[in-house]
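# What the coordinates show
Given next are the chains, with one letter for each unit.
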Amino acid sequence: QMTAQLQSSLIRLENFQKLTELQRDLIGIENLTLTDREFIREGCLCKLTKKGLQQRMFFLFSDMLLYTSKGVTTTNQFKVHGQLPLQGMIIEESTEEWSVPHCFTIYSVQKSIVVAASSHVEMVKWMQDLNRAITVASNSNEKSDMLLESARCNRSNRSSDELSLEQESEDDTHSSRSSLDKQTYHRANTTMHVCWHRNTSVSMMDHSVAVENQLSGYLLRKFKNSNGWQKLWVVFTNFCLFFYKTHQDDYPLASLPLLGYTVSTPVDSDNILKDYVFKLQFKSHVYFFRAESEYTFERWMEVIRSATSTVGRSNLLIQSAEKETALK
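Within each chain, residues carry numbers counting from 1 in the order of the written sequence. Two thresholds apply to this predicted model, a pLDDT of at least 70 for residue-level local features and 80 or more for giving and counting side-chain atom pairs, whereas whole-chain, interface and lining totals are computed over all residues. The basis for every side-chain value is the complete set of heavy atoms in the structure, and neither hydrogens nor water enter the calculation.

### Brief notes about the overall build of the protein chain
- Think of it this way: any DSSP run of H or I at least four residues long counts as a helix, any run of E at least two long counts as a strand, and we number them from the N terminus. Counting secondary structure elements, the protein chain contains nine helices and 16 strands.
- Here the protein chain displays about 17,700 Å² of accessible surface, and carbon together with sulfur accounts for 50% of that area. Areas reported here follow the Shrake-Rupley algorithm with a probe of radius 1.4 Å; residue values treat only the protein chains shown as occluding.

See below:
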């Protein structure tokens with residue numbers, strides 16, 4: 001019982017920490033850190049507007065869905081464009097209707113929007129999390145039946161023009177000076193910004209798994225077009241590798257966010273003639289890392305898989321769920 005209480009407290013603490021981080025990085029939303037609000041998923045989706053598909057950052061909570069755009073500011077904050085309550089919301093795949101790959105429609109009481117994910121896997125993750133959150137939110141409110149019926153009526157009576165294809169001016173991404181004056185400098189490698197640039201998403205469950213999969217140790221690093229290996233103290237935490245000259249240093253030389261990267265062993269064309277080497281790649285960005293032994297090599301591969309690909313994160317979540325079931 002004590003273990004369960006500690007685990008529950010840890011989850012609440014992680015959730016509050018995430019909400020506090022988002023409150024700092026989002027412009028146009030107040031009181032984000034409400035007691036009963038839970039963060040569920042953040043990530044990139046393309047929203048269908050009159051100008052076509054435009055990249056937006058979405059944030060799913062236990063009671064609402066926010067969508068934002070990245071402001072051209074020194075603080076790298078995101079401005080909220082829309083806030084949709086989950087009560088009465090309906091999600092429906094609509095790839096064929098709009099002829100857009102990995103596309104689904106979000107019907108809310110206020111309005112409806114069409115969004116597209118970067119892949120089928122991403123679309124499924126969003127739709128599953130949205131549907132689960134909607135179910136929980138609906139069950140917590142006695143008025144849910146009325147709202148669902150209202151949403152269904154709006155959906156059945158709609159025409160294509162009634163879907164939310166509102167004009168979204170990119171000028172809106174510039175924030176007022178007064179709101180910016182209250183903000184501090186933000187790092188560009190937070191999960192929010194990495195999801196934006198890598199066109200992916202991360203759930204609260206992913207964050208919880210990442211907390212349990214941290215690692216540090218010496219590795220030899222080699223760039224794709226370089227000949228030599230550089231010995232570095234490497235720390236893996238929060239979906240990111242931090243590189244230090246030695247384990248005694250307080251500040252890293254550099255960092256490498258891993259969301260969107262794939263991890264594998266080198267192929268013949270890489271011309272890597274060493275043992276215990278793993279390869280990190282995102283598009284044309286390639287890095288090689290060499291471990292000291294087979295055990296450390298396998299350990300690094302395991303924890304990095306937890307943060308690189310969506311499939312890797314999914315497999316870890318399934319393993320965690322299976323372990324919990326076995327314990328019961």
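Back to the text.
### Side note on helix α8 (residues 294-305)
- Under the convention used throughout, the expected extent of a helix is 1.5 Å for every residue step, that is, one less than its residue count. Taking 1.5 Å as the rise per residue, α8 with 12 residues should run 16 Å; its terminal C-alpha atoms sit 16 Å apart, in good agreement.
- By the convention used here, residues are in contact when the closest approach between their heavy atoms is within 4.5 Å. In this structure, the buried residues of α8 make contact with β10 (215-223), β11 (230-237), β12 (240-244), β14 (262-264) and β15 (277-282).

### Let's talk about the pattern of salt bridges
- Salt bridges are counted wherever a side-chain nitrogen of Lys or Arg sits within 4 Å of a carboxyl oxygen of Asp or Glu. Applying the stated criterion to the full structure yields eight salt bridges.
- In this structure, the salt-bridge partner of Arg-24 is Asp-25, at a minimum N-O distance of 3.0 Å.
- Among the residues examined, Arg-24 registers a relative accessible area of 34% and is labelled partly exposed.
- With a closest N to O distance of 3.1 Å, Asp-270 and Lys-279 form a salt bridge.
- What emerges from the salt-bridge pattern is a single network uniting Lys-18, Glu-21 and Glu-42. With a 1.4 Å probe rolled over the protein chains alone, any residue whose accessible area is under 20% of its type maximum counts as buried; one over 50% counts as exposed, and the rest are partly exposed.

### Focus: the sheet that holds β11
- Here a strand pair is declared whenever DSSP counts at least two bridges between the two strands. The strand order β13-β12-β11-β10-β16-β15-β14 describes an open sheet built from seven strands, whose pairing is antiparallel. Sheet topology places β13 (254-257) and β14 at the edges, where each strand pairs with a single neighbour. Taking the axes of each pair of neighbouring strands and ignoring which way they run, one obtains an average angle of 35° across the sheet.
- As judged from the five bridges shared by β11 and β12, these two strands associate in the antiparallel manner. Pairing of Val-235 across the sheet is with Phe-242, part of β12. Here an axis means a line fitted to C-alpha atoms, over the contact stretch when the element is a helix, while the angle between two N-to-C directions is reported on a 0 to 180 degree scale.

### Some thoughts on the nonpolar core
- The biggest cluster of nonpolar side chains holds 46 residues, and the ones touching the most others in it are Leu-26, Phe-61, Leu-66, Leu-241, Phe-278, Leu-280 and Trp-300.
- Looking at this core element by element, the count peaks at five residues for α8.
- Contact partners of Leu-280, with chain neighbours within four places excluded, come to Leu-241, Leu-256, Leu-258, Tyr-261, Thr-262, Val-263, His-285, Val-286, Tyr-287, Phe-289, Ile-304 and Thr-308. Nine residue types can take part in a nonpolar core, namely buried Ala, Val, Leu, Ile, Met, Phe, Trp, Tyr and Cys, and a core is a set of them joined through side-chain atoms within 4.5 Å.

### Brief notes about the packing of aromatic side chains
- Aromatic rings from Phe, Tyr and Trp, taking only the six-membered ring of Trp, are treated as a pair when their centres fall within 6.5 Å; an angle between ring planes under 30 degrees marks them as stacked, one over 60 as edge-to-face, and anything in between as tilted. Summed over all chains, the structure comprises 11 aromatic pairs.
- Measuring from ring centre to ring centre gives 5.6 Å for Tyr-261 and Phe-282, while their planes differ by 35°; the resulting arrangement is tilted. Of this pair, Tyr-261 sits in the loop between β13 and β14 while Phe-282 sits in strand β15, and the two are 21 residues apart along the sequence. Each member of the pair, Tyr-261 as well as Phe-282, is classed as buried.
- Within the aromatic cluster, the residues linked to one another by ring pairs are Phe-223, Tyr-261, Phe-282 and Tyr-287.
- Positioned above the aromatic ring of Phe-282 is the side chain of Arg-198, whose terminal nitrogen or guanidinium carbon lies 4.9 Å from the ring centre.
- Note on criteria: charge over ring means Lys NZ or Arg CZ within 6 Å of the ring centre, with the direction from the centre no more than 35 degrees off the ring normal. A cation sits over an aromatic face here: Lys-231 above Tyr-218, 4.9 Å from the ring centre.

### Some words on the packing of helix α1 (residues 2-25) against helix α6 (residues 191-198)
- Two numbers describe how α1 lies on α6: the axes approach to 11 Å, and their chain directions differ by 65°. With respect to each other, α1 and α6 are oriented roughly perpendicular. Contacts between α1 and α6 involve Lys-18, Glu-21, Leu-22 and Asp-25 on the former and, on the latter, Thr-191, Met-192 and His-193.
- Here the contact of α1 with α6 is built from residues that sort into two nonpolar, two polar and three charged. When an angle is under 35 degrees it counts as roughly parallel; over 145 it counts as roughly antiparallel; between 65 and 115 it counts as roughly perpendicular; any other value is oblique. Side-chain classes are defined by residue name, with Ala, Val, Leu, Ile, Met, Phe, Trp, Tyr, Cys and Pro counting as nonpolar, Asp, Glu, Lys and Arg as charged, and the others, Gly among them, as polar.

### Here we look at the side chain of Thr-68
- By the secondary structure assignment, Thr-68 is in strand β4 (residues 64-70).
- The class for Thr-68 is buried, based on a relative accessible area of 0%.
- With residues near it in sequence (within four places) discarded, Thr-68 still touches Leu-26, Arg-56, Met-57, Phe-59, Phe-78, Lys-79, Val-80 and His-81.

### Some details on the pairing of β11
- Inspection of the sheet shows β10 paired to β11 by seven bridges, in the antiparallel sense. Pairing of Gly-217 across the sheet is with Val-234, part of β11.
- Connecting β10 to the next strand, β11, in antiparallel fashion are six residues.
- Here β11 folds back onto β12, and the loop between the two strands holds two residues, one of which, Asn-238, carries a positive phi near 50°.

That's the geometry; what it means functionally is another story.
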